[in-house]
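Survey of secondary and tertiary structure
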Amino acid sequence: MSYKKYRCIVCDWIYDELEGSPDDGIAPKTKWEDVPEDWVCPHCGSTKDEFEMIEIE
């Protein structure tokens, strides 16, 4: 299974599906589509629609 990364376009914080965001209640290996819609960037408070998928090298 492949995991993707998403970058906040406001502050450049990266959400990595493999790592999740445990401090915010998002378990490791949580796919982006499974992150709750009301979740916000832990760094700047931006909403999910302000994230874009980034290429993984």
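Now for a look at the structure at hand. (Residues numbered from 1 in each chain as written. Predicted model: local features only at pLDDT ≥ 70, side-chain atom pairs only at ≥ 80, totals over all residues. Heavy atoms only, no water.)

Observations concerning the environment of C41
You can see C41 is positioned in the loop between β2 (14-16) and β3 (51-54). With 17 residues separating them along the chain, C41 and D24 place their C-alpha atoms 9.3 Å apart. If we ignore the near neighbours within four places in the chain, the residues touching C41 are C8, C11, W13, S46 and F51. (Helix = DSSP H or I, 4+ residues; strand = E, 2+ residues; numbered from the N terminus. Contact = heavy atoms within 4.5 Å.)

As for the sheet that holds β3
Backbone-to-backbone hydrogen bonds pair the strands of a sheet. The strands run either parallel or antiparallel. In spatial order, the strands read β2-β1-β3; together these three strands make up an open sheet with antiparallel pairing. The open sheet has two edge strands, β2 and β3, and neither has a second partner. Along the sheet, successive strands turn relative to each other by an average axial angle of 30°, direction set aside. Across four bridges, the pairing between strand β1 (residues 5-8) and β3 is antiparallel. Along β3, the bridge assignment pairs K5 with I54. (Pairing = 2+ DSSP bridges. Axes fitted to C-alpha atoms, helices over the stretch in contact; angles between N-to-C directions.)

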